[in-house]
Amino acid sequence: MVRIIGILTGLVFTLAVLISFGVDTYSNLTTEAEETAEHHFHAEPLDVSFPHDGPFGKWDTAQLQRGYVVYKEVCSACHSLKYVAFRDLADLGYTEAEVQALAAEWQVPGIDPRTGETVMRAAEPTDYFPSPYPNDVAAAAANNNAIPPDLSLMTKARHGGAPYVYSLLTGYEDPATYSHDGERLLEAYPDFEVPTGLYFNPYFPNLNLAMAPPLTTTGQVTYEDGTEATIAQMSKDVSAFLSWTAEPTMDDRKQTGWPVLGFVLFATILAYLSKKQIWAAVKPAKRKH
Amino acid sequence: MSFAWARQYEPKNGFTKWVDEKLPLPRLVYNAVGAGYPVPRNLNYMWNFGVLAGFALLLQIVTGVILAMHYAANAEVAFASTEHIMRDVNWGWLMRYAHANGASFFFVVIYLHIFRGLFYSSYKAPREMIWLLGVVIFLLVMATAFMGYVLPWGQMSFWGAKVITGLFGAIPLVGESIQVWLLGGFAPDNAALNRFFSLHFLLPFVTAGVVILHIWALHIPGSSNPTGVEVKSESDTVPFHPYYTAKDGFGLGIFLLAYFAMVFFLPNFLGHADNYIEANPLATPANIVPEWYFWPFYAILRAFTFDFILPAKLWGVLAMFASILLWFFLPWLDKSPVRSGHYRPLFRKFFWFGLIPCILVLGYCGGAHLSPITIALSQIATAYYFLHFLVILPIISSVEKPEPLPYSITDAVLGSDKKPVLGENTTPAV
Ligand code: HEM
């Protein structure tokens, strides 16, 4: 009885899904799917590597410090880092006094102790990186209706990670001359147009984004360590910095991982040896068929 | 419990004697996973996964209880509290990565455990109850994992919850009211998040209770084995301890190596980037996908695209639930008296060349972007999935001619010279 009901149920589901299959296949064969420019001309992130990549990778604190400068001088005009506190900058190799001084260069909303009114005050190490806008409405109004996203988790929140951020920053192009795999965009899609207020960037999923190219000239920021601030250099440094903001505990994680794996490997070998010895007593010497 | 030759627990000193009289818990443990439980001597490594699943449950409970000390189930702050765990709580990043990857590893071992049951037909009499309880555990763990994934309140948390609870809306007439009742609102929000947290905390303990029943049911007939031939005499078995405690210990080591490699070096590999974006009811992600362990079922859900008598969406929902619920009936669908796939030539072919590729295809399609190709593939695989369990399995179990079985487990291990090995030498040479 169970088997008869089972076979009937099975056939009903099979029939229903095969009808779906038939109808879909028929409509796929009779209508031609149009490929969109977004799909066709979207570029995968560049293959860039960072000192903190891989199981042995560590933060390059000099690079993170440079990235911080780029963030402060350029990105912070529009973006925030709401999960990062100034005290966290100690990770980049700054002393307590230096962190204090770095924090004091930022203005955050506070309360005037005499009047109770909201005022701007110098930040303390315990404050978090502020947003340049009082609220999302103001942010959208200033950026052609797009809200600049918080960057704290950016490298984790995009499939391409830090290489994606790097590619985006260095990847602004002129759509008139852009080609991908030897095919020119304007030849394939002559009507392609970048809406006003948006900027063409093939690494962005729908090719146009509301962020004007933020890094445009060599020397836009000044590095204290003498490194030349080319666009590629600044992009790379700030991408590394954003990897750190996304996961400040990464060094701890990798440094904990090795001893843990070493210990477990050792224990596993011991477990294997004792298993072998215990079973030796009942394992047949050789197997006869 | 099970066999006449099972060793008896003997309390050695005054204290253990006293405990044994008042509460024979040590005796229970001895009989359950100690020397008092005789187990077939020929189990292969596929038999490690039950113990590993139990370990994974324990791991989730320990890491989960610690996370719950720092997590805040409120839609305003849930995402930030998860970041607080990652950044500020001592070893919080480890607890979270251990818990998130622990869920994935839980499913890895549970799937291998089910795979073992399917290939060696462990679900057949006299072990039907063990299998039924196993399916209940699987459903509980799926519900738990689904609700856990909502807790960090990222984009995938929110949209996954919305899509899955939206399935109830497919039920005719009452569907929408049920959906609103389940969520405590029209879309996932604070009410939903809070009840999901409450249930996510509760269900693992319910699961632990069902696991106890599962093991209890196991100890009545005892473990099956790769030949599927039942235990006939003492020489077919070895005591669980030290033989299988040692083997499981080694298996646990391998599990932990893979698990820690993931936790420490690729902790986000199995996750979805969008879940590091805070939930936003106004921005729909480009591709809403569940975690990898739900992909095969998600593919079945999306395979139905045509309103054939019933709405396509309802077909999808029914098929998705049916694809798991049908496991409950396997002991009665597969009537072959032979258990092990090793001795079932026809069954084996459909298993390796039908079912396994079908599930892999479903898994791939469930995680991929919807395209005409992935939809067509999941439709064919869905059809095969139902045919396999509900049509092919019942039919082959009556037409197939099994290969000759060994007389006993001892024969299978030693060849048939009947040389006694156990009874002569059962204690390990230490
Ligand atoms: C059957 C066992 C369990 C499974 C399969 C499971 C699964 C999950 C999953 C998939 C997540 C989302 C992970 C993420 O993306 O961050 C999660 C989160 C969470 N779980 Fe569990 N869990 C289990 C047991 C428990 C238990 C017993 C507790 C507490 C008593 C717990 C507490 C939490 C908390 C507080 C979170 C939110 C924090 C976070 O997202 O990391 N879990 N769980």
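Values in this document were obtained by computation on a predicted structure and should not be read as measured data.

1. Regarding the overall build of chain A
No. 1: The helix and strand inventory of chain A stands at 10 helices and 6 strands.
No. 2: The C-alpha atoms of chain A give a radius of gyration of 28 Å, which is well past the 19 Å a tight globule of 289 residues would have.
No. 3: Seen through its C-alpha atoms, chain A measures out along the principal axes to roughly 90 × 65 × 45 Å.
No. 4: In chain A, which comprises 289 residues, the share counted as buried stands at 41%.
No. 5: Summed over all atoms, the accessible surface of chain A reaches about 16,000 Å², with 58% contributed by carbon and sulfur.

2. Concerning the packing of aromatic side chains
Each pair of aromatic rings is reported with the distance of its centres and the angle of its planes.
No. 1: For the coordinates displayed, the defined rule picks out 64 aromatic pairs over all chains.
No. 2: Ring centres of Phe255 of chain B and Tyr259 of chain B lie 5.9 Å apart, and the angle between their planes is 15°; on these two criteria the pair is classed as stacked. Here Phe255 of chain B pairs with Tyr259 of chain B, and both are found in helix H10 (residues 240-265), just 4 residues apart, close to one helical turn. Across the pair, exposure class does not vary: Phe255 of chain B and Tyr259 of chain B are buried alike.
No. 3: Each ring, one from Tyr259 of chain B and one from Phe260 of chain B, has its centre 5.3 Å from the other, and the planes form 45°; the classification is tilted.
No. 4: Residue placement shows Lys232 of chain B over the ring face of Tyr407 of chain B; its charged tip is 4.8 Å from the ring centre.
No. 5: Directly above the aromatic system of Trp279 of chain A lies the positively charged group of Lys247 of chain B, at a separation of 5.9 Å from the ring centroid.

3. Examining the site of the ligand
Residues and elements named next belong to chain B.
No. 1: Around the ligand lies a shell of 24 residues, among which Gly64, Arg96, His99, His200 and Phe201 are the nearest.
No. 2: Note that an oxygen atom of the ligand is positioned 2.9 Å from one of the side-chain N or O atoms of Arg96.
No. 3: His200 has a polar side-chain atom sitting 2.7 Å from a nitrogen atom of the ligand.
No. 4: Of all the secondary structure elements, the ones that give two or more residues to the shell around the ligand are helix H3 (49-70), helix H5 (92-119), helix H6 (128-150) and helix H9 (190-218).
No. 5: With 7 residues, H3 is the single largest residue contributor to the shell around the ligand.

4. Quick word on the pattern of salt bridges
No. 1: Applying the stated criterion across every chain yields a total of 19 salt bridges over all chains.
No. 2: Among the ionic pairs, Arg66 of chain A bridges to Asp237 of chain A, the shortest N-O distance being 2.8 Å. Linking Arg66 of chain A in helix H3 (residues 61-73) with Asp237 of chain A in helix H9 (residues 231-246), this pair joins segments that are 171 residues apart in sequence.
No. 3: Here Arg66 of chain A falls in the buried class, since its relative accessible area comes to 12%.
No. 4: Between Asp112 of chain A and Arg114 of chain A there is a salt bridge, with its nearest N and O atoms 3.4 Å apart.
No. 5: Using a relative accessible area of 13% as the deciding quantity, one classes Asp112 of chain A as buried.
No. 6: For Arg114 of chain A, a relative accessible area of 74% puts it in the exposed group.
No. 7: The structure contains a network of salt bridges with shared partners spanning Lys124, Asp334, Arg344 and Glu400 of chain B.

About the criteria used
- Residues numbered from 1 in each chain as written.
- Chains lettered and ligands numbered in written order.
- Predicted model: local features only at pLDDT ≥ 70, side-chain atom pairs only at ≥ 80, totals over all residues.
- Heavy atoms only, no water.
- Helix = DSSP H or I, 4+ residues; strand = E, 2+ residues; numbered from the N terminus.
- Rg over C-alpha atoms; globule rule 2.2 N^0.38 Å.
- Buried < 20%, exposed > 50% of the residue type's maximum accessible area, 1.4 Å probe, protein only.
- Areas by Shrake-Rupley, 256 points an atom, 1.4 Å probe, with all protein chains shown as cover.
- Phe/Tyr/Trp six-rings, centres within 6.5 Å; stacked < 30°, edge-to-face > 60°.
- Lys NZ or Arg CZ within 6 Å of the ring centre and 35° of its normal.
- Near = heavy atom within 4 Å.
- Polar contact = N/O pair within 3.5 Å; in protein donor to acceptor, adjacent residues only side chain to side chain.
- Salt bridge = Lys/Arg side-chain N within 4 Å of Asp/Glu carboxyl O.

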